[in-house]
Amino acid sequence: LRRNIIRGLHQTTSDESSLEGMDIAICVINEKENQLKYAGANNPIIIAGKDRFQELMPDKMPVRLDQYIDTPYKVQTESILKGETVFLYTDGFADQFGGNDSKKFLKQQMKQLFKDIALYDPDEQKKTILTKFEVWKGEEEQIDDILILGVSFK
């Protein structure tokens, strides 16, 4: 994937000014084994349920041409229990300005939000996230793209 992205972005030099890249979290879920495999480039994921709240940490290297080109991303394997939700997300919500003091939402509040909604059904999770974002953002302009993906295990 890394090499295809580099090729697609036509990256042929390590000149920092020409290097676009991306942060990403990739998961493979084996439903028969109740197992999740995760690799991340600067993007963590959260596994949350009744008895667990776990953040799987990414490698601190983006997907792009750089000095880590030959360093593989580590793959983490976790068992997933019924009733747990896996959250993948970009930094757009956490970086959004809002609230009473026009400050960023921040990662700690994102984690708390995921903890709070972990046991909700998916429709209620979505509704709560959207409401929280709109209330937080208020009249501020949205500054970045936002993607939150929750996968619930029944």
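Only a predicted model underlies this, so the values are computations on that prediction, with no experimental measurement involved.

(A) Region of interest: the pattern of salt bridges. Taken as a whole and assessed by the stated rule, the structure comprises five salt bridges. Among the ionic contacts, a cluster of salt bridges with common partners joins R52, E78 and E84.

(B) Inspection of helix α2 (residues 107-117) at higher detail. Buried within α2 are the following residues: M110, K111, L113, F114 and I117. Taken around the axis of α2, the buried residues stretch over an arc of 160 degrees, which confines them to a single face. Buried residues belonging to α2 abut β3 (45-48), β4 (53-56), β6 (85-89), α3 (122-137) and β9 (148-152).

(C) Representation of the side chain of N43 in the model. Locating N43 in the fold gives a position in the loop between β2 (35-41) and β3. Those residues in contact with N43 that lie beyond four places of it in its chain are D23, I24, A25, Y38, P58, Y89 and T90.

(D) Representation of the nonpolar core. Grouped together as the largest cluster of nonpolar side chains are 15 residues, with contacts concentrated most on I46, F87, F93, M110, F114 and I117. Only β3, β6, α2 and α3 provide two or more residues apiece to this core. It is α2 that provides the largest number of residues to this core, a total of four residues. Contacts of F114, omitting those with residues within four sequence positions, involve I46, A48, F53, F87, Y89 and I148. Core analysis: the next-biggest nonpolar cluster, separate from the first, contains ten residues, Y38, I45, I47 and F153 among them.

(E) Here's a closer look at the packing of aromatic side chains. Applying the stated criterion across every chain yields a total of five aromatic pairs. When the centroid spacing of 4.4 Å and the interplanar angle of 15 degrees are considered together, the rings of F87 and F114 count as stacked. Of this pair, F87 sits in strand β6 while F114 sits in helix α2, and the two are 27 residues apart along the sequence. Residue F87 shares its accessibility class with F114, and that shared class is buried. Their ring planes at 80 degrees and their centres at 5.1 Å tell us that F93 and F133 sit as a pair that is edge-to-face. Linking F93 in the loop between β6 and β7 (97-98) with F133 in helix α3, this pair joins segments that are 40 residues apart in sequence.

(F) Region of the structure containing the sheet that holds β6. With respect to topology, four strands assemble into an open sheet ordered β4-β3-β6-β9, the strand pairing being antiparallel. In the strand order of this sheet, the two ends are held by β4 and β9, each with one partner. Averaged over all adjacent pairs, the angle separating strand axes in this sheet is 20 degrees, with direction ignored.

(G) How the structure looks around the environment of D66. Following the sequence through the fold, D66 ends up in the loop between β4 and β5 (76-79). Sequence-wise, D66 and G21 are 45 residues apart; in three dimensions their C-alpha atoms are separated by 9.7 Å.

(H) Main features of the pairing of strand β1 (residues 24-30). In the sheet, β1 pairs with β2 via seven bridges, with the strands oriented antiparallel. From the neighbouring strand, C27 faces β2, where its bridge partner is Y38. In this structure, the hairpin formed by β1 and β2 is closed by a connection of four residues, where N34 is found at a positive phi of approximately 50 degrees.

Rules used in this analysis
- Residues numbered from 1 in each chain as written.
- Predicted model: local features only at pLDDT ≥ 70, side-chain atom pairs only at ≥ 80, totals over all residues.
- Heavy atoms only, no water.
- Salt bridge = Lys/Arg side-chain N within 4 Å of Asp/Glu carboxyl O.
- Buried < 20%, exposed > 50% of the residue type's maximum accessible area, 1.4 Å probe, protein only.
- Helix = DSSP H or I, 4+ residues; strand = E, 2+ residues; numbered from the N terminus.
- Arc of directions from axis to C-beta.
- Contact = heavy atoms within 4.5 Å.
- Core = buried A, V, L, I, M, F, W, Y, C linked by side-chain atoms within 4.5 Å.
- Phe/Tyr/Trp six-rings, centres within 6.5 Å; stacked < 30°, edge-to-face > 60°.
- Pairing = 2+ DSSP bridges.
- Axes fitted to C-alpha atoms, helices over the stretch in contact; angles between N-to-C directions.

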